[in-house]
Every structure is written in structure tokens, then in C-alpha cells.
Amino acid sequence: MEAELLGPPEELKGKAVLEIGAGAAQCARWLAAQGARPVALDVSHRQLQHALRIGGSFPLVCADAGALPFADGSFDLACSAYGALPFVADPRLVLREVRRVLRPGGRFVFSVTHPIRWAFPDEPGPEGLSVAASYFDRTPYVEQDEEGRAVYVEHHRTLGDRVRDIVASGFRLVDLVEPQWPAWNTSEWGGWSPLRGNLIPGTAIFVCERD
């Protein structure tokens, strides 16, 4: 939010904003504090229950991002922080739906784990700095339960794939932001660490507009 990719905070007041893949609705909660009118959407009822427990005076909607239950041109802005897009096999379905519910000139800002991370082991230390897989291998990452059913699936798209998906869905790509690791952050979790963050990007943020 500090990057103001949705626009200056003072200009968010009164804007209708859709958060997609909202999880616990952290973005929607921040937007509401700026005076915006957010709607938090997620396919997971459990995640939305968590958002409800935390609280917030905005609607929570349980729905598929590929079939948004809103009329055309319902929102001024849309955002997604690591939500929805990495978890669908065809992200263009989501992008086209987002474009549909945005008003002309509306902006969609979404973040994903930077695609280059797929080539490196998910380790925070030196072992996570050597290439272990092909960046161009688009085989999904799948976790299964004891009966072999997929319980978690994440799809890999290269940067070029993401750009082509955005353009083919009718958006104009305004910016691609690759945030640098902040000096104050000394935490390590999963494959995230100052060691890795200072050498390779961890996040890719796409700023798109509907003309």
C-alpha cells in the first residue's frame, strides 16, 4: 500500500474496490480505513470466517474468481495480494472477469511470487541460491492428501506468460514492480530471507488498467 499503486490514499475515499483472493481481507480492511468501499472475495469459506472474526464493516463474498457474481462495471478498482491467479490453470478466465466488473479506466493491481523463484529451492539459506529447476517448466506444484487427492495446487507462469495473459485479456499493462528487500526486515520464513531477498526478487506486482 505504501507504493500507492492503486492511487494516493486520499483519492481512494468513496471508491468501490474489489479484493480478489482476499483470505483474511487484510487489504480490504486497510482500504476501508482510507474511506474506500471494499468488497472482499475468496473461494474459501474458512478464510472468510477468519476475516469475519477479525472484523470489518465491508461485505465478504464467497465465490470463484473466474465467475465473479457482480454486474459489469461494478468497481472502480480491484486488487489481489498473492490471491487467486497463481491457483488457477487458466488465469485469463480471472483477468477477463476482473476486467468485466471494472469501470472503463479502472485499475487492477495484483501480486504473485516472482516467477524466477520457481527455479530455486524454497530455502532461506545458501542452499536456496542455486538453480534447481527450469524456469520454463510450467508443471504445477501439487500437494496431495493420503488418498492422493490434490489439496493444494499452484501454477507457474513466466513473466512473459503473465504479460501475455494480461494483454490478451484486454488490459493495458501500466507497470511491473519488483520490490527490493527492505533493509529493516531481518525475518526468515519459508524461502524468504534477507540473504535471498537481496539477490533475487521475491514478488512481482502487475499494474493493469482497463482502457
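Scroll up for the structure.
As the structure is a computational prediction, the values presented were derived from the model and not from experiment. (Residues numbered from 1 in each chain as written. Predicted model: local features only at pLDDT ≥ 70, side-chain atom pairs only at ≥ 80, totals over all residues. Heavy atoms only, no water.)

Asks: Mind showing me how you'd approach the pairing of strand β1 (residues 16-20) here?
Replies: The two faces of the sheet receive side chains in turn, since in a regular strand these alternate between them. The buried count for β1 comes to five of five residues, which makes it a mostly enclosed element. Burial along β1 is two-sided: the residues A16, L18 and I20 and V17 and E19 are all buried. In this sheet, strand β2 (residues 37-42) lies alongside β1 in parallel orientation, the contact comprising five bridges. Within β2, the residue paired with E19 across the bridge is A40. In this fold, β1 hands off to helix α1 (residues 26-33), which returns the chain to β2; that crossover is right-handed. Pairing of β1 with strand β4 (residues 75-81) involves three bridges; the strand directions are parallel. Among the inter-strand pairings, V17 is bridged to a residue of β4, identified as L77. (Buried < 20%, exposed > 50% of the residue type's maximum accessible area, 1.4 Å probe, protein only. Helix = DSSP H or I, 4+ residues; strand = E, 2+ residues; numbered from the N terminus. Pairing = 2+ DSSP bridges. Right-handed = clockwise from strand over helix to strand, strands pointing away.)

Asks: When you look at helix α4 (residues 159-168) in this model, what are you seeing that I'm missing?
Replies: Each full turn of the α-helix corresponds to 3.6 residues, which orients residues three or four apart in the same direction. Listed as buried for α4 are D161, R162, D165 and I166. Down the axis of α4, the buried side of the element spans an arc of 130°, and every buried residue falls inside it. Where α4 is buried, its residues contact α3 (91-101), β5 (102-113), β8 (172-177) and β9 (203-209). (Arc of directions from axis to C-beta. Contact = heavy atoms within 4.5 Å.)

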